[in-house]
Amino acid sequence: MTSLEKIEALLRARANREAIRAFTHEEPQFSLEDGYVIQNTLLEKALAAGESLSGYKMGLTSKAKQKDVNVFEPIHGFLLRSMEISPNGKVSLATRIQPRVEPEIAIVVKDRLDGKNLNLRDLPAHLSGIYLACEIIDSRYKDYQFKLPDVIADNTSASGYLLGRVNLLPHLEDLRLLGITMRKNGEVIETGAPAAALGDPLNSLLELARTMASRKEALLPGQVILTGGLTNSHFIRTGDHFEVECPFERFGFSVE
Ligand code: OOG
Ligand code: MG
């Protein structure tokens, strides 16, 4: 399959809500770089179609997530404005294939961040907000069966995200160990802490900024960065209500 055919297959999977087989299944030589080329083309196509970039996401930054999908290396993808869902709003199944939710920490960048000369200590001064978040992922591959290059090509399963309204930046000192719960229909199904994301969500952001710098790109003011799922993700089904909570905020969504 050519790159173009792979892009078409991914777009068709999304449009028809029909998952496809991972490319590495037939083409074990399909590489990580090939995956990012496809991801970049998907972004270009989205922008050409009038979408706008809202930020980026890191993925597979926690042990829980890595074990869940059996891929043991962080990856990144892009976020579009159209993927944002209001907190306490509704998540629609109508445009998704097999969506799952995971709790995350989102960071909003205040200044242009060039990863080349950046270190962890300087990072907080360049941020405008830190928020409790939920990511809605939706793999375009059957049963979330993929290898690293496949999931990169599929924009790291990105599908939607919700940001809380309480800015946690004043609590940065305590961020790593801030307890987080996720509830499904009232019952706690996951507990976690931001430290699950590469030890500190700021590390995840730093790693992203450095990766971008190696491609001569920077993070820009106002961009939202999802720093990676803190726990296993869970399937969402019609009628479900999910909630995430931390000491300063609680919000959720219903599924329709
Ligand atoms: C890959 C997406 C990973 C995260 O936060 O780790 C991700 C997947 O689980 O399908 O978004
Ligand atoms: Mg995620």
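As the structure is a prediction and not an experimental result, all values here were calculated from the model.

Calculation criteria
Residues numbered from 1 in each chain as written. Chains lettered and ligands numbered in written order. Predicted model: local features only at pLDDT ≥ 70, side-chain atom pairs only at ≥ 80, totals over all residues. Heavy atoms only, no water. Helix = DSSP H or I, 4+ residues; strand = E, 2+ residues; numbered from the N terminus. Buried < 20%, exposed > 50% of the residue type's maximum accessible area, 1.4 Å probe, protein only. Lys, Arg positive; Asp, Glu negative; His and termini not counted. Salt bridge = Lys/Arg side-chain N within 4 Å of Asp/Glu carboxyl O. Polar contact = N/O pair within 3.5 Å; in protein donor to acceptor, adjacent residues only side chain to side chain. Contact = heavy atoms within 4.5 Å. Near = heavy atom within 4 Å. Areas by Shrake-Rupley, 256 points an atom, 1.4 Å probe, with all protein chains shown as cover. Donors = N, O, S within 2.8 Å, 3.2 Å for Na, K, Ca; no water. Pairing = 2+ DSSP bridges.

A few points about the side chain of Glu104
Next, step 1: Locating Glu104 in the fold gives a position in strand β5 (residues 100–109).
Next, step 2: Although buried, Glu104 forms no salt bridge, and the nearest oppositely charged side chain, Lys57, lies 5.7 Å from it.
Next, step 3: At a separation of 2.8 Å, a polar atom in the side chain of Glu104 contacts the main-chain amide nitrogen of Gly228.
Next, step 4: Not counting residues within four places of it along the chain, the set of residues in contact with Glu104 comprises Tyr131, Leu132, Ala133, Glu135, Leu226, Thr227, Gly228, Gly229 and Leu230.

With respect to the site of ligand 1
Next, step 1: Surrounding ligand 1, one finds 17 residues, the nearest of these being Leu60, Lys65, Glu102, Ser157 and Gly229.
Next, step 2: Contact distances for ligand 1 include 2.9 Å between an oxygen atom and a side-chain N or O atom of Glu135.
Next, step 3: With respect to ligand 1, the backbone of Gly229 contributes an N or O atom lying 2.7 Å from an oxygen atom.
Next, step 4: Taken by itself ligand 1 offers 320 Å² of open surface, and the protein chains cover 100% of this.
Next, step 5: Of all the secondary-structure elements, those providing two or more residues to the shell around ligand 1 are β1 (53–59), α4 (63–69), β5 and β6 (127–137).

Thoughts on the coordination of the magnesium ion (ligand 2)
Next, step 1: Around the magnesium ion (ligand 2), the protein contributes the donor atoms Glu102 (OE), Glu104 (OE) and Glu135 (OE), at 1.9 to 2.1 Å from the metal centre.
Next, step 2: In primary sequence terms, the donor set of the magnesium ion (ligand 2) follows E-x1-E-x30-E. Pair noted here: Glu102 is in strand β5 and Glu135 is in strand β6, with a separation of 33 residues, a long-range link. Like Glu135, Glu102 is buried.

Quick notes on the pairing of β5
Next, step 1: Buried residues dominate β5, accounting for ten of its ten residues.
Next, step 2: Here β5 shows no split at all, with Arg100, Glu102, Glu104, Ala106 and Val108 on one side and Val101, Pro103, Ile105, Ile107 and Val109 on the other all buried.
Next, step 3: By the bridge criterion, ten bridges tie β5 to β6 in an arrangement that is antiparallel. When the bridges of β6 are listed, Arg100 appears paired with Ile137.
Next, step 4: Relative to strand β11 (residues 234–235), β5 is paired through two bridges, and the arrangement is antiparallel. Bridge pairing links Arg100 to Phe235 in β11.
Next, step 5: As paired strands, β5 and strand β10 (residues 224–226) are joined by three bridges and run antiparallel to one another. What sits directly across from Val108, in β10, is Val224.

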